[in-house]
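# Breakdown of the fold
Below, each chain spelled out in residue letters.
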Amino acid sequence: MVGSLVGVLFDGFAYGMLLFLLSVGLSVTLGMMNFINLAHCSFAMLGGYVTVTLMDRLGWPFLATLPVAFLVAAAVSVVLERTLYRLLYRASELDQCLLTIGIVFVSIAVAAYVFGTVQQPVQMPPYLQGSIVFMDINFAAYRLFLVGTALVILAILVAALEYTRFGAQVRAAVDNQRMARGLGINVEGAFAVTFALGSGLAGLGGALAIAMVGLDPSFAFAYLIYVLIVVSVGGLGSIGGSFAAAALLGISDMAGKYYVPQLGAFLIYLVMVGLLMWRPAGLFGKR
């Protein structure tokens, strides 16, 4: 029983870290820029297709594709931010939702046209396959890799956005753009870099997700709801909140499927409703 419980908790935590990797970029853009980007998972899907293409068609090693997935997603986001998104920074939430959901439909159509509608196969390197046995409990190597990657990214983001000059400039630009410009802060540049960072993280999350959940053109919609749940439960403006929410939701989802199969995947929504009724602003929401 103990081994089974530990295994479920570990698998749930690893799945939660996958949700964190997918959602942390939206935590950055939505929480710090107040911009509703429903196309976030489109950048995640782009990162996944970049990794699949480099591995299957060009023979790149898996780890070498990850920074490329980050950079390609970030570069595409910069183009969209410069041409479309920046026009709606002061627009209503409805306008932002309509534009970005339209981008989702376009991205799905493009992915289906270029790659087809089938699941994309990907072969992980041998050192990320199999499992590691510790105290008679199997820990999947790739899930351990996901957990380690998520913890590293969490530490880097908190350090970069909370304790650096750039992070202070972004927060100042969000709180009062006129005052920030008066102090000599390049508001447009700070927003562009922040948006590129958030979208690049989405691309990295998508590249890391394909080994666990697969990849097809429906990815941009299928995981958007999970990303929004994590950000909502964690609280706007809190990266640590998104981490805690992702871990809690991942464990709840896995434990529900294992111990209460009648509820299946519905348990994650019950947990979300319960948490938001208790704390409407999220676990660590600032507003």
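Reference entry: report on the structure contained in this document. Because the structure is a prediction, the values reported are computed rather than measured.

Attention now moves to the overall build of the protein chain. Looking only at helices and strands, the protein chain has 12 helices and 2 strands in total. Against the compact-globule benchmark of 19 Å for 287 residues, the protein chain has a radius of gyration of 19 Å, which places it among compact chains. With the C-alpha coordinates of the protein chain rotated into their principal frame, the extents come out at 60 × 50 × 35 Å. For the protein chain, restricting intrachain contacts to residue pairs at least 6 apart in sequence, the fraction spanning at least 24 positions comes to 77%. In the form shown here, the protein chain has an accessible surface area of approximately 13,200 Å², with 70% of it arising from carbon and sulfur atoms.

For the rest of this paragraph, the subject is the pairing of strand E1 (residues 131–134). The side chains of a regular strand alternate between both faces of the sheet. One ladder, built from 4 bridges, connects E1 with strand E2 (residues 137–140); its direction is antiparallel. Residue pairing in the sheet places serine 131 in a bridge with alanine 140 of E2.

In contact at an axis separation of 10 Å, helix H2 (residues 40–56) and helix H4 (residues 93–115) are set at 20° when each is read in the N-to-C sense. Relative to H4, the element H2 is oriented roughly parallel. With respect to the hand of their crossing, H2 and H4 are arranged in left-handed fashion. Here Ser42, Met45, Tyr49 and Thr53 of H2 come into contact with H4, specifically with Ile103, Val104, Ser107, Ile108, Ala111 and Phe115. Each residue belonging to the contact of H2 with H4 can be placed in one class, and the counts come to 7 nonpolar, 3 polar and no charged.

Once that is clear, we can look at the pattern of salt bridges. Tallied over the full model, the rule gives 3 salt bridges. Salt-bridge contacts for arginine 82 lead to glutamate 81; the nearest nitrogen and oxygen are separated by 2.7 Å. Residue arginine 82 is classed as partly exposed on the basis of its relative accessible area, which comes to 33%. By relative accessible area, which is 1% here, glutamate 81 ends up buried. Here lysine 257 makes a salt bridge to aspartate 253, at a shortest N to O gap of 3.2 Å. Taken as a pair, lysine 257 and aspartate 253 lie in helix H11 (residues 239–259) at a separation of 4 residues, close to a single helical turn. Note on aspartate 253: relative accessible area 2%, which makes it buried.

The next subject is the nonpolar core. With 82 residues, the main nonpolar core has Phe20, Leu22, Phe62, Leu208, Phe219, Val233 and Ile239 as its most contacted residues. It is helix H1 (residues 2–33) that contributes the most residues to this core, 13 residues altogether. When near neighbours in sequence (up to four residues on either side) are disregarded, phenylalanine 20 contacts Ala150, Leu154, Ile239, Ser242, Phe243 and Ala246.

With respect to the helices, strands and loops of the structure, serine 23 is situated in helix H1. Its relative accessible area of 0% is what places serine 23 among the buried residues. With sequence-adjacent residues up to four places away left out, serine 23 is seen in contact with His40, Val227, Val230 and Val231.

Right, let's get into the packing of H2 against helix H3 (residues 62–83). It is at 8 Å that the axes of H2 and H3 come closest, and there the two elements cross at 140°. Comparing their axes, H3 and H2 come out oblique. Relative to H3, the crossing made by H2 is right-handed. Counting all contacts with H2, which are made through Phe43, Leu46, Gly47, Val50, Thr51, Leu54 and Met55, the residues of H3 involved are Phe62, Thr65, Val68, Ala69, Val72, Ala73, Val76, Ser77 and Leu80.

Here we come to the packing of aromatic side chains. Each aromatic ring pair is described using two quantities: the centre-to-centre distance and the angle formed by the ring planes. On inspection of all chains with the given rule, the structure shows 14 aromatic pairs. With a centroid separation of 5.9 Å and 40° between ring planes, the pair formed by tyrosine 142 and phenylalanine 145 is classed as tilted. Of the two residues, tyrosine 142 and phenylalanine 145 both sit in helix H5 (residues 141–162), 3 residues apart, roughly one turn of that helix. The class of phenylalanine 145 is partly exposed, set by a relative accessible area of 22%. Through successive ring pairs, a cluster of aromatic residues spans Phe13, Phe20 and Phe243. The ring of tryptophan 278 has arginine 279 lying over it, and the distance from NZ or CZ to the ring centre is 5.7 Å.

Conventions and cut-offs
- Residues numbered from 1 in each chain as written.
- Predicted model: local features only at pLDDT ≥ 70, side-chain atom pairs only at ≥ 80, totals over all residues.
- Heavy atoms only, no water.
- Helix = DSSP H or I, 4+ residues; strand = E, 2+ residues; numbered from the N terminus.
- Rg over C-alpha atoms; globule rule 2.2 N^0.38 Å.
- Contact = heavy atoms within 4.5 Å.
- Areas by Shrake-Rupley, 256 points an atom, 1.4 Å probe, with all protein chains shown as cover.
- Pairing = 2+ DSSP bridges.
- Axes fitted to C-alpha atoms, helices over the stretch in contact; angles between N-to-C directions.
- Parallel < 35°, antiparallel > 145°, perpendicular 65-115°, else oblique.
- Left-handed = near helix turned anticlockwise from the far one by under 90°.
- Nonpolar A, V, L, I, M, F, W, Y, C, P; charged D, E, K, R; others polar.
- Salt bridge = Lys/Arg side-chain N within 4 Å of Asp/Glu carboxyl O.
- Buried < 20%, exposed > 50% of the residue type's maximum accessible area, 1.4 Å probe, protein only.
- Core = buried A, V, L, I, M, F, W, Y, C linked by side-chain atoms within 4.5 Å.
- Phe/Tyr/Trp six-rings, centres within 6.5 Å; stacked < 30°, edge-to-face > 60°.
- Lys NZ or Arg CZ within 6 Å of the ring centre and 35° of its normal.

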